[in-house]
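Analysis of the macromolecular model
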Amino acid sequence: MRRPSRWWRGKSTLAKVETYTRWSFHFFPVVEVTAIGLPVFGQVGAGFAVWLVLPLCAHAVLCGVTASRSLDWTRGTREQPVRLLVVLGVVSVLLGTAALSLVKHGPGGEDTTSAVVPVCVGVLIFGTGTIALGVRGRLRVLGLVAGVATYAGVMAFALGLDQDAALGTAFAVLFGGGGLVFTSVFSVWLLDAVYELDAARETRTRLAVAEERLRFGRDLHDVMGRNLAVIALKSELAVQLARRERPEAVDQMIEVQRIARESQREVREVVRGYREADLGAELAGAQGVLTAAGVDCQVTGSATGLPPAVQSALGWVVREATTNVLRHGDARRCRVTLTRARDHVILTVENDGVERAAAGRPGAPGGGSGLAGLRERLAAVGGTLEAGPVNGGLFRVVADVPLPPGSSPAFPAGSSSASASDTVARSVSEEVTP
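Conventions we followed
Residues numbered from 1 in each chain as written. Predicted model: local features only at pLDDT ≥ 70, side-chain atom pairs only at ≥ 80, totals over all residues. Heavy atoms only, no water. Helix = DSSP H or I, 4+ residues; strand = E, 2+ residues; numbered from the N terminus. Buried < 20%, exposed > 50% of the residue type's maximum accessible area, 1.4 Å probe, protein only. Contact = heavy atoms within 4.5 Å. Areas by Shrake-Rupley, 256 points an atom, 1.4 Å probe, with all protein chains shown as cover. Salt bridge = Lys/Arg side-chain N within 4 Å of Asp/Glu carboxyl O. Pairing = 2+ DSSP bridges. Axes fitted to C-alpha atoms, helices over the stretch in contact; angles between N-to-C directions. Parallel < 35°, antiparallel > 145°, perpendicular 65-115°, else oblique. Left-handed = near helix turned anticlockwise from the far one by under 90°. Nonpolar A, V, L, I, M, F, W, Y, C, P; charged D, E, K, R; others polar. Phe/Tyr/Trp six-rings, centres within 6.5 Å; stacked < 30°, edge-to-face > 60°. Core = buried A, V, L, I, M, F, W, Y, C linked by side-chain atoms within 4.5 Å. Expected span 1.5 Å × (residues − 1). Patch = residues over 30% accessible without salt bridge, like charges linked within 9 Å, V, L, I, M, F, W, Y side chains within 5 Å. Disulfide = S-S within 2.5 Å.

Turning our attention to the overall build of the chain. Each helix and strand in the chain was counted, giving 14 helices and five strands. Here the chain holds 434 residues, and the buried ones make up 40% of them. Across the chain, every contact between residues at least 6 apart in sequence was considered, and the portion connecting residues at least 24 apart equals 73%. Carbon and sulfur atoms make up 60% of the accessible area of the chain, which totals about 23,300 Å².

Rendered as structure tokens:
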């Protein structure tokens, strides 16, 4: 069985906000019963208190169900619970009226009045605040609060309370209900804003991918457009010369072959520029992307002096680990360290998002195809890869690559500098290249 802390930390930030909002409103029925119902037992007899608290408990449960259905409606997963809202409003008014009627028709005495008036006020406050979750429009919400407060004051005066007590009841419902209504409306607004921000971030990512595809398409067009036009022209010329049995047709086809090979070489250069990972750019890009995502990222070490093949292999490790931190770990801190031990270079990526990263989900370092792909790339340069949770609630990825003789003996401290947009471009290279 998973511990509550792991259950909570395993959620994304968006899921945490929604869970917090929902359980806040689910906790309101408990507040209603404990803050309003329990004091009744100390003011009146046990038998009379039970008859007051039982309807209050039923009203609290109805408020909880209505709040849950209304939040589902705000998220678009359920239709607006109009009938449930009407039922809650009617039940709140009836319970409030019944409680106030006990002032005149109950056992009597100041104890009865001090017990039933808070019950009436509390039922109307919590009912109004819950109904506001399922209502849209500023005027409707204000009209709801004002109407319930006016009804409470008029009904209190009609059922036996003096003018001052009736006015106090109306103001208590007005300010208490208004405060709870503001809480409800603001919570829904905040939840909607978080979802909109998440959708905007996803849209920004898609736009970045689309922009990179366009850039790749422009590069291919620049490389292939002119060459293909020349090939088509020379092929047509060779056909005309061959029909006339002219020996120059052979020279034209040789030229076509040369241009075709040159085009292949240029296309490979374009693709290689997208598929090769530069370690310095990946280190700087990872720090920039993670910092922008709210992750405290520190990069130590430099790629200066490393062979291109080693840089490319380790750059893929940084790219894959950064992607997994963003998608699966929900981490708050990340440390990237590049060090040299004798004739080896060691890259360590460590973050505190161990719960989800180690869950074996597709794409996570420990559970999907990303790990196998990284090992294949490292194996090409004689390197190894280890990934998994470690003590202290951390997830660690360690890549160890041997250096060929004659490599640079040391790395200067500090992180290398490069544009973070380079990492964004390279992160989509596998998708935009054949």
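Now that the structure has been shown, we can carry on.
We now examine the pattern of salt bridges. On inspection of all chains with the given rule, the structure shows twelve salt bridges. The residue Asp 72 makes a salt bridge to Arg 78 at a minimum N-O spacing of 3.3 Å. Overall, the relative accessible area of 39% leaves Arg 78 in the partly exposed class. In this structure, Glu 202 engages Arg 206 in a salt bridge whose closest nitrogen and oxygen atoms are separated by 2.7 Å. With Glu 202 and Arg 206 both in helix H7 (residues 163-243), this residue pair falls four residues apart, about one helical turn. According to the relative accessible area criterion, Glu 202 is partly exposed, its value standing at 40%. When its relative accessible area of 57% is taken as the criterion, Arg 206 is described as exposed.

Further remarks concern the pairing of strand S4 (residues 384-390). Two elements, S4 and strand S5 (residues 394-402), share seven bridges in a ladder whose sense is antiparallel. Bridge pairing links Leu 385 to Ala 399 in S5. Connecting S4 to the antiparallel partner S5 that follows it, the hairpin turn spans three residues, and Gly 392 within it adopts a positive phi of roughly 90°.

Another point: the sheet that holds strand S2 (residues 333-341). Spatial ordering of the open sheet is given by S1-S2-S3-S5-S4, a layout of five strands whose pairing is mixed. The open sheet has two edge strands with one neighbour each: strand S1 (296-300) and S4. Neighbour-to-neighbour, the strand axes of the sheet open up by a mean angle of 10°, direction not taken into account. In this sheet, S2 lies alongside S1 in parallel orientation, the contact comprising five bridges. Bridge pairing in S2 links Thr 300 to Thr 337.

Take the packing of helix H2 (residues 13-37) against helix H3 (residues 46-74) next. H3 packs onto H2 with a crossing angle of 165° between their chain directions and a minimal axis gap of 9 Å. Looking at the two axes, H2 sits roughly antiparallel to H3. Once H2 is placed against H3, the crossing between them reads as right-handed. On H3, the residues touching Arg 22, Phe 25, His 26, Pro 29, Glu 32, Val 33, Ile 36 and Gly 37 of H2 are Val 53, Leu 56, Cys 57, His 59, Ala 60, Cys 63, Gly 64, Ala 67, Ser 68, Leu 71 and Asp 72. The residue makeup of the contact of H2 with H3, split by class, is eleven nonpolar, five polar and three charged.

What follows is about the packing of aromatic side chains. This structure, assessed with the given rule, holds five aromatic pairs. When the centroid spacing of 5.4 Å and the interplanar angle of 75° are considered together, the rings of Phe 25 and Phe 28 count as edge-to-face. Pair noted here: Phe 25 and Phe 28 are both in helix H2, with a separation of three residues, about one helical turn. Grouped by ring-pair contacts, the aromatic residues Phe 25, Phe 28 and Phe 126 constitute a single cluster.

Turning our eyes to something else, we now look at the nonpolar core. In this structure, Leu 314 and Leu 347 are the most contacted members of the largest nonpolar core, which totals 33 residues. If you list the elements that add at least two residues to this core, you get helix H9 (279-292), S1, helix H10 (308-329), S2, strand S3 (344-351), helix H12 (369-379) and S5. Per-element accounting of this core gives the leading share, eight residues, to H10. Setting aside chain neighbours within four positions, we find Leu 347 in contact with Leu 314, Val 317, Val 318, Val 336, Thr 337, Leu 338, Val 397, Val 398 and Ala 399. Listed in part, the 30 residues of the second largest apolar core include Ala 49, Leu 100, Val 116 and Val 117.

With that settled, consider helix H6 (residues 138-158). If you check H6, its first and last C-alpha atoms are 30 Å apart, about what 21 residues at 1.5 Å a residue would give, namely 30 Å. When we look at burial in H6, the residues that qualify are Val 141, Val 145, Val 148, Ala 149, Ala 152, Gly 153, Met 155 and Ala 156. The first or second residue beyond H6 is Gly 160, which carries a positive phi of 120°.

So, about H3. For H3, which comprises 29 residues, the first-to-last C-alpha distance of 41 Å matches the rise-based estimate of 42 Å (1.5 Å per residue) to within 8%. Following H3 by one or two positions, Gly 76 has its phi on the positive side, about 80°.

Together, Trp 7, Trp 8, Tyr 20 and Trp 23 give the surface a local cluster of nonpolar side chains, amounting to about 520 Å² of exposed area. Assignment of secondary structure puts Trp 23 in helix H2. Accessibility expressed as a relative area gives 56% for Trp 23, which makes it exposed.

This next bit is on the side chain of Thr 21. Relative to the assigned elements, Thr 21 resides in helix H2. When sequence neighbours within four positions are dropped, the list of residues in contact with Thr 21 reads Ser 187 and Leu 191.

Moving on to the side chain of Thr 66. Tracing the backbone through its elements, the reader meets Thr 66 in helix H3. Every residue in contact with Thr 66, bar those within four places of it in the chain, is listed here: Leu 84, Leu 85, Leu 88 and Thr 130.

Take the state of the cysteines next. Counting across every chain of the model gives zero disulfides. Not engaged in a disulfide, the cysteine Cys 297 finds its nearest cysteine sulfur in Cys 334; these two sulfurs lie 4.7 Å apart.

Moving on: the environment of Ser 68. Relative to the elements of secondary structure, Ser 68 occurs in helix H3. On a C-alpha basis, the gap between Ser 68 and Trp 23 in space is 9.3 Å, while along the polypeptide they are 45 residues apart. With near-sequence residues (within four places) excluded, Ser 68 lies in contact with Arg 22 and His 26.

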